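Listed here are the chains, written in short residue letters.
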Amino acid sequence: MKFKNANVLITGGASGIGKIMGRMALEKGASTLIIWDINTVGIETTREELGRLGKVRGYKVDVSDNRMVNETYRQVVAECGDIDILINNAGIITSNKTFDKMSEEEMVRTIKINTIAPMFVARAVLPDMLRRNRGHICNIASAGGMLSNPKMSVYAASKWGAIGWSDSVRIELQEMKSKVRITTAAPYYINTGMFDGIKSRIIPILPPEYAAKRIISAIERNVNFKGIPFSFHFIRFWQFILPSRIFDFFFGRVIGIYHVMDSFTGRK
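> Outline a nonpolar patch on the surface, listing residues and values.
Residues F230, F234, F237, W238, F240 and I241 make up a contiguous nonpolar surface patch of about 690 Å² in total accessible area. Structurally, W238 can be placed in helix α7 (residues 235–241). With a relative accessible area of 38%, W238 lands in the partly exposed category.

Structure below.
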């Protein structure tokens, strides 16, 4: 789906790749960029910065609050018009604790933001897209939703759930013969601050501009699933082919993925 003359809603749009994708949407001629974020200061800073490129509206929203999502969505439609492209980008990771040390609050918050919140936002927007038989929803998950990784078990669970839900909705729309499209994006670690401190031995941490550009391109080309880098499309193939002990040895010890989170500090 093209961004030109489109109303684009991005959750978590006041920082990281959300902000970068917002800039790219405006550069491609988006009619209005709508930012949803929890950070009021970030919203205002981004609105002022990107306002030079086009029309930008910002709303403070806790996307894990279904009532707030629905109320704000109705406000957005009244003030900006129908949403053409939704990018569910908001996400969190709380720590690099092993599962036995995770608190109830960390578990619930991670699942609510990474798995349930994009469902809330999509459910608010999708009926209007179906009515118009037009629109695109991009759900940004993670490569962690395809490859199990120690010290991020709850985060991985939240992204596995997001991928399964997102692709299931894609198939539902396909079965309906709807022209509304779904893209599920699963990038590797992105250097935005969210994963500060991690050390990836062989696979490079993704530059934010590169990751954002790949996702925007996937939306424009109506790609169903986008792994970033492309090699991550083959993770499930290798899981099927290799015995688990060999898979764990190769990805865990040789490539070093199982120790990426050892030095994690996260965004302060």
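> So what about the packing of helix α1 (residues 16–27) against helix α2 (residues 40–50)? Which residues, and what values?
Packing of α1 against α2 leaves a shortest axis separation of 11 Å and a crossing angle of 25°. In terms of orientation, α1 lies roughly parallel with respect to α2. Where α1 crosses over α2, the two elements pack in a sense that is right-handed. For the pair α1 and α2, the contacting residues are K19, G22, R23 and L26 in the first and T46, E49 and L50 in the second. In terms of residue class, the contact of α1 with α2 is built from two nonpolar, two polar and three charged.

> Explain the side chain of S166 to me, and be specific about the residues and the numbers.
Relative to the helices and strands, S166 resides in helix α5 (residues 153–176). Excluding residues within four positions of it along the chain, S166 makes contact with N139, I182, T183 and T184.

> Describe the sheet that holds strand β7 (residues 225–228), with residues and values.
Read from one edge of the open sheet, seven strands run β3-β2-β1-β4-β5-β6-β7, paired in parallel fashion. Single-partner strands in this sheet number two, and they are β3 (55–60) and β7. For this sheet, the mean angle separating the axes of adjacent strands, direction not counted, is 15°. Pairing of strand β2 (residues 32–37) with β3, which is carried by six bridges, proceeds in the parallel orientation.

> Give a detailed account of the nonpolar core, specifying residues and quantitative values.
M21, I87, F195 and I215 are the most contacted members of the largest nonpolar core, which has 57 residues in total. Here the element with the most residues in this core is α1; it accounts for six residues. Those residues in contact with I87, other than ones at most four positions away along the chain, are L9, I10, T11, M21, C138, I140, I216 and I219. By size, the runner-up hydrophobic cluster in this structure holds 26 residues, among which are V76, L86, A117 and I182.

> Break down the packing of aromatic side chains for me, with residues and values.
Each aromatic ring pair is described using two quantities: the centre-to-centre distance and the angle formed by the ring planes. Evaluation of the coordinates by the stated rule reveals eight aromatic pairs. Ring geometry for F195 against F264: centres 6.3 Å apart, planes inclined by 65°, an arrangement best described as edge-to-face. Residue F195 is found in the loop between β6 (181–187) and α6 (208–220), and its partner F264 is found in the segment after α8 (244–254); the two are separated by 69 residues along the sequence. Considered together, F195 and F264 belong to a single accessibility category, that of buried residues. Judged by centre distance (5.8 Å) and plane angle (80°), the rings of F230 and F234 are edge-to-face.

> Outline the side chain of N89, supporting the account with residue identities and numerical values.
Tracing the chain through its elements places N89 in the loop between β4 (85–88) and α4 (104–132). Residue classification places N89 among the buried residues on the basis of a relative accessible area of 13%. Within the structure, N89 has its side chain in polar contact with the backbone oxygen of G12 (distance 3.0 Å).

Reading guide: rules and limits
Residues numbered from 1 in each chain as written. Predicted model: local features only at pLDDT ≥ 70, side-chain atom pairs only at ≥ 80, totals over all residues. Heavy atoms only, no water. Patch = residues over 30% accessible without salt bridge, like charges linked within 9 Å, V, L, I, M, F, W, Y side chains within 5 Å. Areas by Shrake-Rupley, 256 points an atom, 1.4 Å probe, with all protein chains shown as cover. Salt bridge = Lys/Arg side-chain N within 4 Å of Asp/Glu carboxyl O. Helix = DSSP H or I, 4+ residues; strand = E, 2+ residues; numbered from the N terminus. Buried < 20%, exposed > 50% of the residue type's maximum accessible area, 1.4 Å probe, protein only. Axes fitted to C-alpha atoms, helices over the stretch in contact; angles between N-to-C directions. Parallel < 35°, antiparallel > 145°, perpendicular 65-115°, else oblique. Left-handed = near helix turned anticlockwise from the far one by under 90°. Contact = heavy atoms within 4.5 Å. Nonpolar A, V, L, I, M, F, W, Y, C, P; charged D, E, K, R; others polar. Pairing = 2+ DSSP bridges. Core = buried A, V, L, I, M, F, W, Y, C linked by side-chain atoms within 4.5 Å. Phe/Tyr/Trp six-rings, centres within 6.5 Å; stacked < 30°, edge-to-face > 60°. Polar contact = N/O pair within 3.5 Å; in protein donor to acceptor, adjacent residues only side chain to side chain.

The values are spatial; any link to function lies outside them.
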